Amino acid sequence: MGRAFEYRKARKLKRWGNMARTFTKLGKEISIAVKASGPDPDANPRLRVLMQNAKAANMPKENVERAIKKAISKDEGDYKEVVYEGYGPYGIAIVVETATDNTTRTVANVRSYFNKFGGSLGTSGSLSFLFDHKSVFKIKAKEGVSLEDLELELIDFGVDEVEAEGEEIVLYGEFESFNNIQKYLEDNGFEILSAEFERIPNDVKEVTEEQRTQIEKLLEKFEDDEDVQNVFHNMKENEEEE
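Residues numbered from 1 in each chain as written. Predicted model: local features only at pLDDT ≥ 70, side-chain atom pairs only at ≥ 80, totals over all residues. Heavy atoms only, no water.

For the protein, an unreviewed UniProt entry supplies the name Probable transcriptional regulatory protein NMU02_02905 and the organism Coprobacter tertius. The record held by UniProt for the protein lists under Sequence similarities (unreviewed entry) the comment "Belongs to the TACO1 family." Under the UniProt heading Subcellular location (unreviewed entry), the entry covering the protein gives this text: "Cytoplasm". (UniProt positions renumbered as here; feature names shortened; annotations may be inferred.)

Listed below in structure tokens is the structure:
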């Protein structure tokens, strides 16, 4: 199986383990999508797929409706998506994606987490070469459509890796191809179970258990911060998690 699939498989349970945090993350993403392109999912492809993500995460329908209503309210603040990059202990590269209404607070928090645990906050774009930014779609397998045929069909739409996951299929494509992939899947009757963006490391670093413990303390700080949407790193996962 491909590098992207193995990386995502190893970390997905950690990312979706905290239900309350997942709902907060999805609520912010919905708010950003609504403010960008309106509250009508039929006219807003990004909102449409986020609503599907919310369903897959068992987010109550009323929570989704509340997030949409808040986004169109004049009293609702604007969330800004900001990416921070730096090195944790032992040279582990870390990319932190945030959605915040207070960038001053968020950058101060992110910097303090890096500093407290022996890392350092870098400049924007300094680590981009270490990660591939990917569009990741999970869809239901369609009767009569083989994995090979689907992969050949989707190459022209920016997909570069297709993997089976039980009765479901995971597609990996270029970051810029998200809309094209989504449109193809919808136009051809595929059920999209979830769609998101991932940063897949080009290489991973092995660490000792003692080193891992220290690095994970830093990662937990990021994951506990409500402004942080995603944290990506190039630390090799434990063998039993692969």
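Having seen the model, we can carry on.
1. A look at the overall build of the protein
Summing up its helical and strand segments, the protein has eight helices and eight strands in all. Taking the principal axes of the C-alpha coordinates as reference, the protein spans close to 50 × 50 × 30 Å. Within the protein, the proportion of its 242 residues that are buried is 47%. Entry remark: accessible area of the protein is about 12600 Å², with carbon and sulfur atoms responsible for 48%. Between the mean site of the 34 positive side-chain charges and the mean site of the 49 negative ones, the protein shows a separation of 6 Å. (Helix = DSSP H or I, 4+ residues; strand = E, 2+ residues; numbered from the N terminus. Buried < 20%, exposed > 50% of the residue type's maximum accessible area, 1.4 Å probe, protein only. Areas by Shrake-Rupley, 256 points an atom, 1.4 Å probe, with all protein chains shown as cover. Lys, Arg positive; Asp, Glu negative; His and termini not counted. Charge placed at Lys NZ, Arg CZ, Asp CG, Glu CD.)

2. As for unusual backbone geometry
Here asparagine 58, not a glycine, exhibits a phi torsion of approximately 65°, which is positive. If you trace the backbone, asparagine 58 turns up in the loop between α3 (45–56) and α4 (61–72). Classification of asparagine 58 by relative accessible area gives exposed; the value is 57%. Non-glycine residue tyrosine 90 carries a positive phi angle of around 65°.

3. Things to note about the pairing of strand β7 (residues 192–201)
Counting buried residues in β7 gives nine out of 10 residues, a clear majority hidden from the surface. Bridge count for strand β4 (residues 131–140) against β7 is nine bridges, and the pairing is antiparallel. In the strand pairing of β7, phenylalanine 131 is matched with proline 201. (Pairing = 2+ DSSP bridges.)

4. Details of the environment of asparagine 234
Looking at the element boundaries, asparagine 234 is found in the segment after β8 (228–233). Apart from residues lying up to four places away in sequence, asparagine 234 is in contact with Ile92, Ala93, Phe131, Pro201, Asp203, Val204 and Lys205. (Contact = heavy atoms within 4.5 Å.)

5. A look at α4
With 12 residues, α4 should cover 16 Å at 1.5 Å per step; its first-to-last C-alpha distance of 17 Å lies within 8% of that length. Three or more residues of α4 are buried, namely Asn63, Val64, Ala67, Ile68 and Ala71. Projected down its long axis, α4 shows its buried positions confined to an angular sector of 140°, all on one face. Turned more than 90 degrees away from the buried face of α4, the exposed residues are Lys61, Lys69 and Ile72. Buried positions along α4 lie against α2 (19–37) and α3. (Expected span 1.5 Å × (residues − 1). Arc of directions from axis to C-beta.)

6. Examining the environment of serine 135
Position of serine 135 among the secondary structure elements: in strand β4. When its relative accessible area of 0% is taken as the criterion, serine 135 is described as buried. C-alpha of serine 135 to C-alpha of isoleucine 215: the two residues are 80 residues apart in sequence and 27 Å apart in space. In terms of polar contacts, serine 135 uses its side chain to reach the backbone carbonyl oxygen of glutamate 174, at 2.9 Å. (Polar contact = N/O pair within 3.5 Å; in protein donor to acceptor, adjacent residues only side chain to side chain.)

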